[in-house]
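If you want the building blocks of each chain, they are given just below.
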Amino acid sequence: MLMERVKRLMVLGVVMMVPNGCAVMPDRSPLVLDVPVSGTERDAVHSLELDDGDYVEGVLDSGADVADLRLIDQDGRPIRLLLNGTAGREVFRFVTKPGMAALRVTLPASGGYRLTLTRRIAVADQHPVRHGHLSPTIAALAETVKRGGSTDAFWQDVARRGTPLVEPLKDAPGSDQVAMTFLARGARRNVRLLGGPTSNHENLERLGQSDVWFKSFIVPVSTRLSYQIAPDVPDFPGTCRECRMAILAQLQADPLNHRPWPSDAPDRYNQVSLVELPDAPLQPGLESVWAEPAGRLIAERFTSRILGNTRNVTVYAPPGVDPAGKDTILLLLFDGPDYLDRRAPVPTMLDRLTGGGRLPPTVAVFIANPTAEARERELPANPAFATMLADEFLPWLRERASIRSRPDRTVLAGSSYGGLAAVSAALARPDRFGNALSMSGSFWWHPADAPPDRPEHMAGLVASRDRRPVRFFLSAGLFEAGGDGEIGILETSRHLRDVLEAKGYEVAYRDYAAGHDLFAWRGALGDGLLALFGDGSGAVLYGHSAQAPGLKTSRAAD
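Within any chain, residue numbers begin from 1 and follow the written order of that chain's sequence. Local features in this predicted model are restricted to residues whose pLDDT is 70 or higher, and side-chain atom pairs enter the listing and the counts only when it is 80 or higher, whereas totals over whole chains, interfaces and linings include all residues. Side-chain numbers here rest on the full set of heavy atoms in the structure, without hydrogens or water.

Observations regarding helix α3 (residues 152-161)
- What α3 keeps buried is the set F154, W155 and V158. Projected onto a plane normal to the axis of α3, the buried residues spread over an arc of 95° and lie on a single side. For α3, the exposed residues set more than 90 degrees away from the buried face come down to A153, Q156 and R160.
- Contact between two residues is taken to exist if any of their heavy atoms lie within 4.5 Å; hydrogens are not considered. Strands here are runs of E lasting at least two residues and helices are runs of H or I lasting at least four, both read from the DSSP assignment and numbered beginning at the N terminus. In this structure, the buried residues of α3 make contact with α2 (136-146), β9 (165-168), β10 (177-185) and β14 (212-220).
- Positive backbone phi, approximately 85°, marks G162, located one or two places after α3. Accessibility here uses a 1.4 Å probe with only protein chains present; expressed as a share of the type maximum, an area under 20% marks a residue as buried, one over 50% as exposed, and anything in between as partly exposed. Think of it as the arc spanned by the lines of direction from the helix axis to the C-beta atoms.

Details of helix α9 (residues 457-464)
- Buried within α9 are the following residues: M458, A459, G460 and V462.
- On the buried face of α9, the contacting elements are β5 (78-86), α8 (417-428) and α10 (489-502).

Comments concerning the side chain of D232
- Along the polypeptide, D232 turns up in the loop between β15 (224-231) and α4 (240-245).
- Here a polar contact means two N or O atoms within 3.5 Å. Within protein one must be a hydrogen donor candidate and the other an acceptor candidate, and residues neighboring in sequence count only if both atoms are side-chain atoms. Separated by 2.6 Å, the side chain of D232 and the backbone nitrogen of R189 make a polar contact.
- Contact partners of D232, with chain neighbours within four places excluded, come to A187, R188, R189, N190 and Q250.

So, the pattern of salt bridges
- Definition used for salt bridges: Asp or Glu carboxyl oxygen within 4 Å of a side-chain nitrogen of Lys or Arg. Summed over the entire model, instances satisfying the criterion amount to 34 salt bridges.
- When the shortest N-O distance is used, the salt bridge between D211 and R185 registers 3.0 Å. With D211 in the loop between β13 (205-206) and β14 and R185 in strand β10, this pair connects stretches of sequence that are 26 residues apart.
- According to the relative accessible area criterion, D211 is partly exposed, its value standing at 22%.
- Judged by relative accessible area, R185 falls into the partly exposed class, the value being 47%.

Some remarks on the sheet that holds strand β6 (residues 89-95)
- Two strands are counted as paired when DSSP detects at least two bridges linking them. Across the sheet, 4 strands lie side by side as β1-β8-β3-β6; this open sheet has antiparallel pairing. A strand with exactly one partner marks an edge of an open sheet, and here the two such strands are β1 (37-39) and β6. Pairs of neighbouring strands in the sheet enclose a mean axial angle of 20°, with direction left out of account.
- Note: β1 against strand β8 (residues 113-121), 3 bridges, orientation antiparallel. If you follow V37 over to β8, its bridge partner there is L115. In this analysis an axis means a line fitted to C-alpha atoms, helices contributing only their contacting stretch, and an angle means the value between N-to-C directions, from 0 to 180 degrees.

Quick notes on the nonpolar core
- Each nonpolar core is a collection of buried residues, namely Ala, Val, Leu, Ile, Met, Phe, Trp, Tyr and Cys, held together in the definition by side-chain atoms within 4.5 Å. Residues L332, V365, L389, F393, L397 and F472 are the most contacted members of the largest nonpolar core, which totals 52 residues.
- For this core, the element with the most residues is helix α7 (residues 383-401), which contributes 9 residues.
- Other than its neighbours up to four places away in sequence, L389 contacts F334, I367, L394, L412, A425 and F433.
- Judged by nonpolar contacts, the second largest core, of 32 residues, contains I329, L333, A344 and L350.

Points about the packing of α9 against α10
- Running from amino to carboxyl end, α9 crosses α10 at an angle of 5°, the nearest separation of the two axes being 9 Å. With respect to α10, the element α9 is oriented roughly parallel. Along the contact surface, α9 presents M458, A459, V462 and A463, while α10 presents H495, L496, V499 and L500.
- For this scheme, ten residues count as nonpolar: Ala, Val, Leu, Ile, Met, Phe, Trp, Tyr, Cys and Pro. Four count as charged, namely Asp, Glu, Lys and Arg, and the remainder, Gly too, count as polar. Split by residue class, the contact of α9 with α10 holds 7 nonpolar, 1 polar and no charged. Between 65 and 115 degrees an angle is taken as roughly perpendicular, under 35 as roughly parallel, over 145 as roughly antiparallel, and anywhere else as oblique.

Focus on unusual backbone geometry
- At the junction of T163 and P164, the peptide bond is cis and its omega measures out at -5° in the coordinates.
- Structurally, the position occupied by P164 is in the loop between α3 and β9.
- The amide bond that connects W261 to the next residue, P262, takes the cis arrangement and shows omega of -5°.
- Mapped onto the elements of the fold, P262 is located in the loop between β16 (260-261) and β17 (272-276).
- Here the phi dihedral of D34 falls at roughly 65°; this positive angle occurs in a residue that is not glycine.
- Turning to its location among the elements, D34 is positioned in the loop between α1 (2-12) and β1.
- The backbone of D335 sits at a positive phi, close to 55°, despite the residue not being glycine.
- Considering the arrangement of structural elements, one finds D335 in the loop between β20 (329-334) and α5 (346-355).
- For D335, a relative accessible area of 6% corresponds to the buried category.

Some details on empty space enclosed by the protein
- In this analysis the probe radius is 1.4 Å and the grid spacing 1 Å, with only protein atoms considered; a cavity is a set of points the probe fits into but cannot get out of, a pocket is an open set with protein on both sides within 12 Å along at least five of seven lines, and lining residues have an atom within 4 Å of a point. Grid points are joined across faces, edges and corners, and a volume is the space filled by probe spheres set on the points. Evaluated as defined, the whole model comprises 3 cavities of 30 Å³ or more.
- There is about 70 Å³ of room inside the largest cavity.
- Along the walls of the largest cavity sit S222, R224, P281, L282, Q283, P284, Y512, A513, A514, A520, G523 and D527, which together make up its complete lining.
- Take the lining of the largest cavity: its biggest share by element is 3 residues, from helix α11 (residues 518-533).
- Residue composition of the lining of the largest cavity, by class: 7 nonpolar, 3 polar and 2 charged.

Some thoughts on the packing of aromatic side chains
- Any pair of Phe, Tyr and Trp rings, taking the six-membered ring for Trp, is counted once the centres come within 6.5 Å. Such a pair is stacked with planes under 30 degrees apart, edge-to-face with planes over 60 apart, and tilted for the rest. For the coordinates displayed, the defined rule picks out 11 aromatic pairs.
- Residues F182 and Y227 carry aromatic rings whose centres are separated by 4.8 Å and whose planes lie at 80° to one another, so their mutual orientation is edge-to-face. With F182 in strand β10 and Y227 in strand β15, the pair connects residues that are 45 residues apart, well separated along the chain.
- Residue classification places Y227 among the buried positions, given a relative accessible area of 1%.
- Aromatic side chains W261 and F519 sit 5.1 Å apart centroid to centroid with 50° between the ring planes, which places their arrangement in the tilted category. Of the two residues, W261 sits in strand β16 while F519 sits in helix α11, which places them 258 residues apart along the sequence.
- F519 sits in the buried class, given a relative accessible area of 0%.
- By the ring-pair criterion, three or more aromatic residues cluster together here, those being F182, F217 and Y227.
- Over a ring means this: the NZ of a Lys or the CZ of an Arg is within 6 Å of the ring centre and within 35 degrees of the ring normal. If you follow R342 out to its NZ or CZ, it ends over the ring of W290, 3.9 Å from the centre.
- The ring of Y505 has R467 sitting right over it, with the charged end atom 5.6 Å from the ring centre.

Written out as structure tokens, the structure is:
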């Protein structure tokens, strides 16, 4: 009876109070699909009438004002933070669960907002809709197989063309998207795909009882990625993680792909397969074939008293670059060894960018991790790591390599956890680091003790602190979106961009049709350096040149 009374009160828009004095029930009529509501209150609650399991999308537009959006229960307690310190038009999504009573909009100061539910899909309607095969080649082969025909001619054609198959969309010729189909031959039980155009381990599908396994995706014509396949991955009793990690036992380059990388790897298990569609953006400084660095690589060992460990450090200066020059850029790059070989030849890239006048004189310092465990501990927004960089590492560089850095000419850069480290350390020590360059930064990360409604630690820190003298280049892959109710690198990178912009920071941002992939990061690094320090001729962000010294903020249609 009590719950029925509560539901009736919600529908009537009655405000209820609990002993602590908080308004715990919505003070408005329930939200209706596609009917926007507006307000100017600093704290407004809008009730929901949804069914368990409904998939819901909506938009909050707070203009120039920063706003939070939370799901709350019938007593006003927060269940989930949907938007954290966002400004402008932002999309939110959630799946309804028991106890979700309302949406609460919070403005830190006077302002206004517009809230709209734009999509609601009931559980009964949540199923994939099959429209035949995306690939015309697979569709034709399916008919052949159905009639009992052979797949031999198909495989001969695939050996000539290479994989994955890339075909125009059947219903949208001339589109900026294509159908991409990954293939494997002759597996007995299963085939899995890692590094494809999603953030998941994808399962290939068997075509009838034939020897053809396939999976098709719709991707942008600018796609660039590296991938591997794993045929016949063992299934055995174990934890979810153990079963998921079993893919590593069979992970290998696609034998049908014509671009194994690197070509001189000892075997296919140590290779990936490359895909670069014709409209993939140029990677600055890597437009031509690989060449040995023209400058000198100096290997050192650095010991930190603060962190209690020792790591490898490599310093590189292109020909003619004076490390002590007052205008020389200092690039500190985390996960340094990843960017020193043919897969991501940053020294060669710097030779070409500085030698061609596209980038000012730049010295790069490649910082290794002492161990994998140390990486997991140090890179995710660790204050001690930032202190080490500012108070130990920079003085050590000055002593050992005569590098005298200025904050406005120093950039921290990294990918994944390294991107998170670049942003967090620059914000922690802007007196030493005036620029941060993040590639697929792990901005989903949060401390273990973080409140459940505030999963985006870095965005929260930016929103809660005064603006600092730091400039940013952020990038993420379109294939790094979250799933299964989890936020991904794409969403959290875009959100951090929005929060930084709302706080008045200079931010250049770029999405790539790529995944969590060194093959994409090596290009993003060059784009980021040109956006932060270039002459405006090299970094093109969605049709706009990134200017120096100021940044031009550009974005895709998110």
